[in-house]
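A structural walkthrough
Here's the letter readout for the chains.
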Amino acid sequence: MIGIVVTGHGHFASGLTSSVELIGGKPEHYHAVDFVQEDSTDDLEKKLEAAFASLKDCTDGILVFTDLVGGSPFKVSVELSMKLQEQYKIVVLSGSNLGMIVEANLTRSFANDIDALAAQTIETGKTQVMRFELVQHEEVETEDGI
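Below you will find a few notes about this structure. Everything quoted here is computed from the prediction, not taken from an experiment.

In terms of regular secondary structure, the chain is built from five helices and four strands. The secondary structure elements of the chain, listed N-terminal to C-terminal, are β-α-β-α-β-α-β-α-α. Taking 15 Å as the expected radius of gyration for a compact globule of 146 residues, we find that the chain reaches 19 Å, considerably beyond that expectation. Taken along the three principal axes of its C-alpha coordinates, the chain extends 75 × 35 × 25 Å. Of all 146 residues assigned to the chain, the portion counted as buried reaches 40%. Counted over contacts in the chain with a minimum sequence separation of 6, partners at least 24 positions apart contribute 75%.

Turning our attention to the packing of helix α4 (residues 98–107) against helix α5 (residues 114–127). At their nearest, the axes of α4 and α5 sit 8 Å apart, and the two run at 145° to each other. Between α4 and α5 the crossing geometry is right-handed. Only Leu117, Gln120, Thr121, Ile122, Thr124 and Gly125 of α5 make contact with α4, whose side of the interface consists of Gly99, Met100, Glu103, Ala104 and Thr107. Tallied by class, the residues present in the contact of α4 with α5 amount to four nonpolar, six polar and one charged.

Mapped onto the secondary structure, Glu21 falls in helix α1 (residues 12–24). Sequence-wise, Glu21 and His9 are twelve residues apart; in three dimensions their C-alpha atoms are separated by 20 Å. When sequence neighbours within four positions are dropped, the list of residues in contact with Glu21 reads Lys26 and Pro27.

Definitions and cut-offs
- Residues numbered from 1 in each chain as written.
- Predicted model: local features only at pLDDT ≥ 70, side-chain atom pairs only at ≥ 80, totals over all residues.
- Heavy atoms only, no water.
- Helix = DSSP H or I, 4+ residues; strand = E, 2+ residues; numbered from the N terminus.
- Rg over C-alpha atoms; globule rule 2.2 N^0.38 Å.
- Buried < 20%, exposed > 50% of the residue type's maximum accessible area, 1.4 Å probe, protein only.
- Contact = heavy atoms within 4.5 Å.
- Axes fitted to C-alpha atoms, helices over the stretch in contact; angles between N-to-C directions.
- Left-handed = near helix turned anticlockwise from the far one by under 90°.
- Nonpolar A, V, L, I, M, F, W, Y, C, P; charged D, E, K, R; others polar.

Interpretation note: all reported values are geometric properties and have no functional meaning in isolation.
Structure (structure tokens):
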């Protein structure tokens, strides 16, 4: 099983997690770790370490979704992935959106290759970003009203 940790600034993680639960039910082997204003990066590190420890049975790895590349949740996750590489295989993604987290949550039970799941999840995330444009078509008049 591949575990999932979602982390980000403010209530990014718990907010997305509430949507994941609404769409696919309460996920197992999944943790949301918020980085709120009162937290130091040391606090965040402790919360992430506790989340990883609770996923120790996820022998196929732990996929971490973060909000901003270079932000504290991203940096602390990357640092921990290197520090704990003897204990866990941790793959950190950044720029996460709801579509990619939902897909990873729903498809990870069929995956045992965390790198392939990460690549698939990144592609899903890219396709979830788009701009809506309203295109109006001209009505064509016919002679008989048909």
